[in-house]
Number of protein chains: 2
Amino acid sequence: MMNRGLLVIFSGPSGTGKGTVMKSLLNQDRDIRLSVSATTRPPRPGEIDGKDYYFITREKFLAMKASGEMLESAEYCGNFYGTPAAPIEKWISEGRDVFLEIEVQGGAQVKEKRPDAVTLFVLPPSLDELEHRLRSRGTEGNVTVCRRLEVARREIAEAKHYDYVVVNNQVGDAVKQVRGILSAERCRSCRNTQLIERILKHD
Amino acid sequence: MMNRGLLVIFSGPSGTGKGTVMKSLLNQDRDIRLSVSATTRPPRPGEIDGKDYYFITREKFLAMKASGEMLESAEYCGNFYGTPAAPIEKWISEGRDVFLEIEVQGGAQVKEKRPDAVTLFVLPPSLDELEHRLRSRGTEGNVTVCRRLEVARREIAEAKHYDYVVVNNQVGDAVKQVRGILSAERCRSCRNTQLIERILKHD
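This report concerns the structure included in the present document. (Residues numbered from 1 in each chain as written. Chains lettered and ligands numbered in written order. Predicted model: local features only at pLDDT ≥ 70, side-chain atom pairs only at ≥ 80, totals over all residues.)

1. Comments concerning the overall build of chain A
Regarding its fold elements, chain A presents eight helices and nine strands. Rg of the C-alpha trace for chain A: 18 Å, near the compact-globule value of 17 Å for 203 residues, within the 12% margin. Reported as C-alpha extents along the three principal axes, the dimensions of chain A are approximately 70 × 45 × 30 Å. Out of the 203 residues belonging to chain A, those deemed buried represent 34%. Long-range contacts, defined here as pairs at least 24 residues apart, represent 69% of the contacts in chain A between residues at least 6 apart. (Helix = DSSP H or I, 4+ residues; strand = E, 2+ residues; numbered from the N terminus. Rg over C-alpha atoms; globule rule 2.2 N^0.38 Å. Buried ≥ 20, exposed ≤ 12 C-beta atoms within 10 Å, placed from the backbone. Contact = placed C-beta atoms within 7 Å.)

Here is the structure:
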């Protein structure tokens, strides 16, 4: 089957446990990579360049963006954030599946530039359960929880535009479903046209 | 996730080992069903009505076809063969995945009537290997093998119109890939619009 890796746009509201699913996936499959964002904000204590973020200057960021080297970008609190294409392309050409943990709007920008990307949305079992998870973190006040729930509702309404949805009820089940999706996408005939040609041409 | 089963159009040239993959799937997953064709030819000794075929009269066949109760049909050596929709629909509504082992043209007829069907093509690792498998059966002469290979070549050229291709190199691997495809298709957002609505409407 195909030798190139997959690019996976991985979205879902805050509190769905997307990060936990991702961690478990990375543990189970050593060939999966998590894309690293670039930012112009200064590193916080303990943050490592190339692991937490690529820390770059404003000039470099804008130059990369202008030359199309960013798959998506956004400004937040006066700092730029974006997804550099080159490291992703390198991993994919090595056959690794690259996950992009990204919110809905950024995901849409990437999908436009990379129509071959697989889009996957992690859903909470219910909004009640999402609220419960957000509150049980204990770090956020009532106003923040309500705001997050409203954002979640808007994001979930966009899930229908994704290729796949996975309900994170039990992390193990969700991970199994994501791995099934990766396996299936590798079998898509549109990703295997060269293989079909090779079989037909061989005499 | 979705409660209805999937309809799977399962094709591949003679000698690819499609039947072996199917048998192993049926053994591993008790919720999978294999569609039974209807035919107007008389039963052969040992054949069981409703298991090998639905044996029906010419009049009944033509009436079913006329009223749209056949998903596809063909005439072969003066007998009619076809796929009745009703038993498939019953299984699917019970949540069972139904496989239709069918050649390329019949598969295309079904896909037109049931655009929600998943189409899956089993490929041989190579034409050399396919020839080897056909010859090692020892039941067919050189002319038959050559004719089958020519048919296989034409069928493989149609594989690109299928959703998925699975290379049957090792049966166990092929089965694992098919099961990954079933799992992934159940996660397709277009099959889960009601689930998304349910999450959004719940207060």
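2. Focus: the relation of the copies chain B and chain A
Rotating chain B by 180° and translating it 0.0 Å along the rotation axis places it on chain A, where the RMSD comes to 0.0 Å. The two molecules are tied by a two-fold rotation axis, judged by turn and shift. Within chain B, Gly 180 of chain B has its C-alpha nearest the rotation axis, a separation of 2.1 Å. Of all interface residues in chain B, 100% are interface residues in chain A too; the two copies therefore contact each other through one and the same surface. (Least-squares fit on C-alpha atoms with pLDDT ≥ 70 in both.)

3. Examining the sheet that holds strand β9 (residues 164-167) of chain B
Residue and element names in this part refer to chain B. If you walk across this open sheet you meet the five strands as β2-β7-β1-β8-β9, and the pairing is parallel. Only two strands of the sheet have a single neighbouring strand rather than two, namely β2 (32-34) and β9. Each strand axis lies, on average, 25° off the axis of its neighbour in the sheet, ignoring direction. Relative to β9, strand β8 (residues 118-123) runs parallel, the two being bridged by four bridges. The residue of β9 that forms the bridge with Phe 121 is Val 165. Relative to the sheet, helix α7 (residues 171-186) contacts β7 (97-101), β8 and β9, its axis offset from that of β8 by approximately 165°. (Pairing = 2+ DSSP bridges. Axes fitted to C-alpha atoms, helices over the stretch in contact; angles between N-to-C directions.)

4. A closer look at the interface of chain B and chain A
Each side of the interface is counted separately: chain B has 30 residues, and chain A has 30 residues. Sorting the residues of the side of chain B that touches chain A by element identifies α5 (127-136), α6 (142-156), β9, α7 and α8 (193-201) of chain B as the ones contributing at least two each. It is α7 of chain B that contributes the most residues to the side of chain B that touches chain A, five residues altogether. Residues that form the side of chain B that touches chain A fall into these classes: 17 nonpolar, eight polar and five charged. (Nonpolar A, V, L, I, M, F, W, Y, C, P; charged D, E, K, R; others polar.)

5. Re the packing of helix α7 (residues 171-186) of chain A against α7 of chain B
Two numbers describe how α7 of chain A lies on α7 of chain B: the axes approach to 7 Å, and their chain directions differ by 115°. Like other packed secondary-structure pairs, α7 of chain A and α7 of chain B cross with a definite hand, here left-handed. Residues Gln 177, Gly 180, Ile 181, Ser 183 and Ala 184 of chain A of α7 of chain A lie in contact with α7 of chain B, whose contacting residues are Gln 177, Gly 180, Ile 181, Ser 183 and Ala 184 of chain B. (Left-handed = near helix turned anticlockwise from the far one by under 90°.)

6. Regarding the pairing of strand β1 (residues 7-11) of chain B
All names here are of chain B. The buried fraction of β1 is high, at five of five residues. Covered by surrounding structure in β1 are Leu 7, Ile 9 and Ser 11 together with Val 8 and Phe 10, the residues of both alternating faces. In this sheet, β7 lies alongside β1 in parallel orientation, the contact comprising four bridges. Bridged to Leu 7 within β7 is Val 98. Here four bridges tie β1 to β8, and the two strands are oriented parallel to one another. Each bridged residue has a counterpart across the sheet, and for Ile 9 the counterpart in β8 is Thr 119.

7. Details of the nonpolar core
Core analysis: the biggest nonpolar cluster contains 89 residues, and Val 8, Leu 120 and Val 166 of chain A together with Val 8, Leu 120 and Val 166 of chain B have the highest contact counts within it. Each residue touching Leu 120 of chain B, except ones within four places of it in the same chain, is listed here: Val 8, Ile 9, Phe 10, Tyr 162, Asp 163, Tyr 164, Val 166, Val 178 and Ile 181 of chain B. (Core = buried A, V, L, I, M, F, W, Y, C linked by C-beta atoms within 7 Å.)

8. Points about the environment of Val 118 of chain A
Residues and elements named next belong to chain A. Tracing the backbone through its elements, the reader meets Val 118 in strand β8 (residues 118-123). Overall, Val 118 belongs to the buried group, with 22 C-beta atoms counted inside 10 Å. Not counting the four nearest positions on each side in its chain, Val 118 is found in contact with Leu 6, Leu 7, Val 8, Ile 9, Asp 163, Ile 181 and Glu 185.

9. Here's the deal with the sheet that holds strand β7 (residues 97-101) of chain A
Each strand in a sheet pairs with its neighbour through backbone hydrogen bonds, running either in the same direction (parallel) or in the opposite one (antiparallel). Residues and elements named next belong to chain A. Read from one edge to the other, the open sheet built from five strands follows the order β2-β7-β1-β8-β9, with strand pairing classed as parallel. Looking along the sheet, the strands with just one partner apiece sit at the ends: β2 (32-34) and β9 (164-167). Strand-to-strand twist across the sheet, computed as the mean angle between neighbouring axes with direction ignored, equals 25°. Contacts between helix α3 (residues 85-93) and the sheet are confined to β1 (7-11), β2 and β7, with β7 contributing the most and set at about 150° to the helix.

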